[in-house]
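Coordinate analysis (summary)
The chain contents come next:
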Amino acid sequence: MTRARPILMRIAQVIPVVVGVVIISFILTRALPGDPAAYFAGDAADEASIAEVRAKLGLDEPLPIQFLYYVGDLLRGDLGQSLTTGQSVAADLAQRLPASLELTLCALILSCGFAIPLGVLAATRPGSWVDHLCRVLVTAGVSMPTFFTGVVLVYVFYYLAGIAPSPLGRLDFIYLEPERVTGFFLIDSLLAGDFETFFAACRQLILPALTLALFTLAPIARMTRAAMLQSLSSDFIRTARAAGLRRRKVLFGYAFRNAMLPVVTTLGMVFSFTLGANVLVEKVFAWPGIGSYAVEALVASDYAAVQGFVLAMALLFVVLNLVIDLTYTAIDPRIGFGSR
Amino acid sequence: MLSIKDLAVSFRTRRGTVDAVKGISLEVASGETLGIVGESGSGKSVTSYALMRILDAGGTIKAGEVTYGGVDLRRASEREMGDIRGREISMIFQNPRAALNPIRKVGHQIADVLRRHSRATAGDAKAKVVEAMEAVMIRDAEARYHAYPFELSGGMCQRIVCAIALACDPRLLIADEPTTGLDITTQKAVMDLVTSLIRARNMSAIVITHDLGLAAQYCDRIAVMKDGQIVETGRSVDVFTAPTHDYTRRLVDATPREGASIRSLLPAEARTPEPPHKRSTRPLLEVRDLVKTFAGKSGPVHAVKGVSFTVNEGQTVGLVGESGCGKSTTSSMIVRLLDPTSGEIRFAGEDLAKIPLQKFARDPRRAQIQMVFQDATDSLNPRHTARASIEEPLKRLTNGNGAARRARVEELAELTGLPGHLLDRFPHQLSGGQKARVGIARAIAVNPRLLILDEPTAALDVSIQAVVLNLLADLRARLGMSYLFVSHDLHVVRLLCDHVVVMRGGEIVEQGAAADVMGAPSHDYTRSLLEAAPNPPSRKTAA
């Protein structure tokens, strides 16, 4: 395969990025104000006991040595202890990251399922009522802050209509968490064959996912519309039309595939900012996600947790970008990473 | 077979409706090839899109009738049109690479058409596609089936476009500027192929082109369009040798051809005697063994493999060749936008190649070599007025004050025939010819001794090209500049140049006095270039 090589090359390019992320997350934590030794030693500690704790934690060593310790711990999968939860940061992240990912992914799938057809429709009829509706809808979606949309949805569907469950976390308390395989409740419950839990998890998920989806509608729909308009005005579309190809074929086989590239780019960006910014939604719906975890840790000066969060997010984005780049190669045969 | 009656097409734009086609009538008989010629904006392409009903959004057929084989195309349903397009009437387009879906294998694109018109099934599509590709003389069709457009040459892409158009044996083929953007020899190969297929299948055809030579050579009848109207129709021999309409006459005159002089391109009333330009035998620019090698993905690319030639003071030297022959690389090295790999560029006795290009921008000799670029639109900053563009080199390379610069800009506008009130306009408010004038004024602002002209008229209509070429001829006589004229158009080179250098594959195959090289070429390649260039018949001036 001639295309396997550039893909391997692209994966190899991830390595220096990961190294850089580790170094920066280490230095950033050292640069934060506050002295972990004083924190660990407690309020009643005097100078001597703080120094003792510092020596015990290895904080009296020079920075490069500390870095080596840190990397050594990392390699063993040890991200340190969280002070607020009392658990290891790795365990906390493993618990909470899937919750956030599940929410964000579902929101994006929902959003794409609506925004992309809407964008395509608007592009095929520019200036029509569909186009205007699209514009109004996405502007409204992005103008309202997520916590507000969230609260409104809870008010309407839980308080007034009573069809949504109480907005308290990932699963109502009468259900047991499914056996943990991926950490995604939807997938785990299906794997366990427990449809009741699956639907319960769905019901919990739908409102927060909808809230996020409304917010992410705008960039995806707008970009789809713009990319489709550009693609539809290309010369090759005229060739396809002149050859008598059916409208569906021209629209989806020719125009849409060419419009995919900018849409995928936007999707990647939207995914990144949603994952970082859904802390408000997590708060409104008491969702035990990584965003609220990080904010709580930061407020409590829980540096190991913050460091773990930064590292996890950075790695996630590296993986995300890799996935997007690989998607490009799948869509567009012209892209070869070797040429750079 | 096809009849168009009083067709009118208009476009809705932000500034109101624009009538692109204003009531034209045409007939195409069975087995006939009709040429529609005209300059840009004459509505010739819009006419063909209208009859195929593939106008861009905003375009509507306002009036008229289009009948094809008894079917009223204007009233046919979209479904009926879909069956007609590609099977009865099909089109080939200009700029073949853009006309193909960039991310779909060419074989699949041909298969799409075949399957749409039920000429193939999923099972036998591939065999049928290979057959269609072989019909347009694509060698090794099996392997090319899996190629993407970016992996093929321009000529090969145009063959694929032809294969798509001809796959379902249409009765009428519309070729919209089929050779624009192709090299002259490829152009000939494609046109010969298309016409032989048209003849073999006894099809009718409409060839839309701005190239009178092409139309004269390949069409039975010609319709001349101007501003959305047909000004003249007739047998192609008659239209060109004895045009009845004034516009056709001007168009025929403006087309560079064998035996024409530069002044004869202009309308009769504007023909003043051509001023002679002084040529000395003192060399101004001497290029010796110039080599440029780029580091490519798969090994080094030898763009220029050791070329040597001389431009004397006052002389105009033409650098001719097809795309990829290294002529642009050579001119970029001379104007010092690129560092040569080896070789000398002696300018007025001093070797410029020794100065690294980062330093050359500050070199006093920078002002003495200037360049006029190919695309007048793209080479002007869209946010600068004409005045600012012309003033730019004065600011950087001379030390006059503001008032002196302003005076100089006015003088340059006068010199290049740019009306003074246009100086404060932005590029998008200027016409193609006016932008070309701005580009020339900018280049001569600092009194260069050598002007490098990189296809300065390639993007212009013939009538504007005629004016620009004459402007260049006047300027060299008045200012005593030397020109290095880079072009692929042999007829233009013949008009303007004293000396011609023919390049191929990074090497010079032949050089000599223009009359000798053009009149009695010694190299086969020059001969094939000359043969490939369509030669428009000249008008009988006796009448």
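Residues numbered from 1 in each chain as written. Chains lettered and ligands numbered in written order. Predicted model: local features only at pLDDT ≥ 70, side-chain atom pairs only at ≥ 80, totals over all residues. Heavy atoms only, no water.

Some words on the overall build of chain A
Of the regular secondary structure elements, chain A holds 15 helices and zero strands. Each principal axis of the C-alpha distribution contributes one length, and for chain A these read about 85 × 60 × 40 Å. Across the 340 residues in chain A, those meeting the buried criterion constitute 43%. If you sum the accessible surface of chain A, you get close to 17,500 Å²; carbon and sulfur atoms cover 68% of it. Treating the 25 positive side-chain charges of chain A as one cloud and the 24 negative ones as another, the clouds have centres 23 Å apart. (Helix = DSSP H or I, 4+ residues; strand = E, 2+ residues; numbered from the N terminus. Buried < 20%, exposed > 50% of the residue type's maximum accessible area, 1.4 Å probe, protein only. Areas by Shrake-Rupley, 256 points an atom, 1.4 Å probe, with all protein chains shown as cover. Lys, Arg positive; Asp, Glu negative; His and termini not counted. Charge placed at Lys NZ, Arg CZ, Asp CG, Glu CD.)

What to know about the overall build of chain B
Helix and strand counts for chain B stand at 19 helices and 20 strands. Taking 543 residues into account, the globule formula puts the C-alpha radius of gyration at 24 Å, and chain B, at 25 Å, falls close to it. Taking the principal axes of its C-alpha atoms as reference, chain B extends roughly 70 × 55 × 50 Å. Considering only intrachain contacts with a sequence separation of at least 6, the fraction spanning at least 24 residues in chain B is 69%. When the accessible surface of chain B is summed, it comes to about 23,100 Å², and 48% of that surface belongs to carbon and sulfur atoms. Across chain B, 70 positive and 62 negative side-chain charges occur, with their mean positions spaced 4 Å apart. (Rg over C-alpha atoms; globule rule 2.2 N^0.38 Å. Contact = heavy atoms within 4.5 Å.)

Regarding the side chain of B:Ser236
Mapping B:Ser236 onto the fold places it in helix α9 (residues 236-241). The contact partners of B:Ser236, leaving out residues within four places of it in the chain, are B:Ala216, B:Cys219, B:Asp220, B:Arg221 and B:Ile222.

A word on the packing of aromatic side chains
Residue and element names in this part refer to chain A. Following the criterion strictly, the structure yields eight aromatic pairs over all chains and no others. Ring centres 5.4 Å apart and planes at 35° place the aromatic pair Phe-26 and Tyr-70 in the tilted group. Within this pair, whereas Phe-26 is found in helix α2 (residues 14-31), its partner Tyr-70 is found in helix α5 (residues 63-75), the two being separated by 44 residues in sequence. Look at Tyr-70 and you get buried, because its relative accessible area is 12%. A centroid spacing of 6.4 Å and a plane angle of 40° characterise the contact between Phe-67 and Tyr-70, whose relative ring orientation is tilted. Of this pair, Phe-67 and Tyr-70 both sit in helix α5, three residues apart, roughly one helical turn. (Phe/Tyr/Trp six-rings, centres within 6.5 Å; stacked < 30°, edge-to-face > 60°.)

Focus: unusual backbone geometry
Residue and element names in this part refer to chain B. Phi is positive for Asp-6, close to 50°, though the residue is something other than glycine. You can see Asp-6 is positioned in strand β1 (residues 2-13). A relative accessible area of 46% places Asp-6 in the partly exposed class. At Asp-140, a position not held by glycine, the phi torsion is positive, near 60°. Counting through the fold element by element, Asp-140 comes out in the loop between α4 (125-135) and α5 (141-144).

What about a negative patch on the surface?
A cluster of acidic residues, B:Glu131, B:Glu134, B:Asp140 and B:Glu142, forms a negative patch at the surface. Of the residues examined, B:Glu134 reaches a relative accessible area of 47% and is grouped as partly exposed. (Patch = residues over 30% accessible without salt bridge, like charges linked within 9 Å, V, L, I, M, F, W, Y side chains within 5 Å. Salt bridge = Lys/Arg side-chain N within 4 Å of Asp/Glu carboxyl O.)

A few points about the sheet that holds strand β14 (residues 342-347) of chain B
Through backbone hydrogen bonds, the strands of a sheet pair up, either in parallel or in antiparallel fashion. Residue and element names in this part refer to chain B. Spatially, β12-β11-β14-β15 is the arrangement adopted by the four strands of the open sheet, whose pairing is antiparallel. Bordering the open sheet on either side are β12 (299-312) and β15 (350-351), each of which pairs with just one other strand. The strands that helix α11 (residues 327-334) touches are β11 (283-296), β12 and β14; relative to β11, the one it contacts most, it runs at about 115°. (Pairing = 2+ DSSP bridges. Axes fitted to C-alpha atoms, helices over the stretch in contact; angles between N-to-C directions.)

A closer look at a nonpolar patch on the surface
Taken together, the side chains of A:Met144, A:Phe147, A:Phe148, A:Val152, A:Tyr155, A:Val156, A:Tyr158, A:Tyr159, A:Leu160 and A:Leu280 present a nonpolar region at the surface, about 940 Å² in accessible area. Per element, the largest residue contribution to the nonpolar patch is eight residues, and it comes from helix α8 (residues 146-160) of chain A.

Observations regarding the nonpolar core
Core analysis: the biggest nonpolar cluster contains 130 residues, and B:Leu2, B:Leu51, B:Ile89, B:Ile110, B:Ile160 and B:Ile206 have the highest contact counts within it. Membership of the second largest hydrophobic core comes to 71 residues, among which are B:Val207, B:Leu212, B:Ile390 and B:Leu451. (Core = buried A, V, L, I, M, F, W, Y, C linked by side-chain atoms within 4.5 Å.)

Topic: the pattern of salt bridges
All names here are of chain B. Under the counting rule described, the total for this entry stands at 40 salt bridges over all chains. Note that Glu-177 is salt-bridged to Lys-44, the shortest N-O span being 3.6 Å. With Glu-177 in the loop between β7 (172-176) and α7 (184-200) and Lys-44 in helix α1 (residues 44-52), the pair connects residues that are 133 residues apart, well separated along the chain. For Arg-249, the salt bridge is made with Asp-246, and the minimal N-O distance between the two is 3.6 Å. Taken together, the positions of Arg-249 and Asp-246, both in helix α10 (residues 246-254) and three residues apart, correspond to about one turn of that helix. On the basis of relative accessibility, which here comes to 45%, the residue Asp-246 falls in the partly exposed class.

Here's the deal with the sheet that holds strand β18 (residues 482-487) of chain B
Residues and elements named next belong to chain B. Spatially, β16-β17-β18-β13-β19-β20 is the arrangement adopted by the six strands of the open sheet, whose pairing is mixed. Two strands in the sheet have a free side with no partner beyond their single neighbour: β16 (369-372) and β20 (507-513). Averaged over all adjacent pairs, the angle separating strand axes in this sheet is 15°, with direction ignored. Of the strand pairs in this sheet, strand β17 (residues 450-454) and β18 are connected by five bridges, and their pairing is parallel. Among the inter-strand pairings, Leu-450 is bridged to a residue of β18, identified as Ser-482.

Topic: the interface of chain B and chain A
Interfaces are frequently sized by the accessible area removed from exposure as the parts join. Each partner contributes to the interface: chain B provides 28 residues, whereas chain A provides 20 residues. In total, about 2,300 Å² of surface goes out of reach between chain B and chain A, with carbon and sulfur atoms giving 58% of it. Our enumeration of links across chain B and chain A arrives at one salt bridge. Among the ionic pairs, B:Asp112 bridges to A:Lys249, the shortest N-O distance being 3.4 Å. Taken together, the links from chain B to chain A amount to nine residue pairs in polar contact (both at pLDDT 80 or more). Among the elements of the structure, α1, β6 (89-92) and α3 (106-116) of chain B are those that each provide at least two residues to the side of chain B that touches chain A. Sorting elements by how many residues they give to the side of chain B that touches chain A places α3(B) first, with four residues. Split by residue class, the side of chain B that touches chain A holds 16 nonpolar, six polar and six charged. (Buried area = accessible area lost by both parts, 1.4 Å probe. Polar contact = N/O pair within 3.5 Å; in protein donor to acceptor, adjacent residues only side chain to side chain. Nonpolar A, V, L, I, M, F, W, Y, C, P; charged D, E, K, R; others polar.)

Topic: the domain arrangement of chain B
If you check the domain split of chain B, you get domain 1 (95-154) and domain 2 (284-532). If you average the C-alpha positions of domain 1 of chain B and of domain 2 of chain B, the two centres end up 40 Å apart. (Domains from an automatic or database assignment.)

Structural notes on the pairing of β7(B)
Residue and element names in this part refer to chain B. Counting buried positions along β7 gives five out of five residues, so the element sits mostly inside the fold. Pairing between β7 and strand β8 (residues 204-209): five bridges, direction parallel. The residue bridging Ile-174 from the neighbouring strand is Ile-206, located in β8. Handedness of the crossover is the feature at issue here: the chain leaves β7, passes through α7, returns alongside β8, and the resulting connection is right-handed. (Right-handed = clockwise from strand over helix to strand, strands pointing away.)

Examining the packing of helix α6 (residues 89-124) of chain A against helix α12 (residues 247-277) of chain A
All names here are of chain A. Across the interface, α6 lies against α12 with an axial gap of 10 Å and an inter-helix angle of 145°. Seen along the crossing, α6 lies across α12 with a hand that is right-handed. Contacts between α6 and α12 involve Ser-100, Leu-101, Thr-104, Leu-105, Leu-108, Cys-112, Ile-116, Val-120 and Thr-124 from the first element and Arg-247, Leu-251, Phe-252, Phe-256, Val-263, Leu-267, Val-270, Phe-271, Thr-274 and Leu-275 from the second. Looking at side-chain class alone, the contact of α6 with α12 contains 14 nonpolar, four polar and one charged residues. (Left-handed = near helix turned anticlockwise from the far one by under 90°.)

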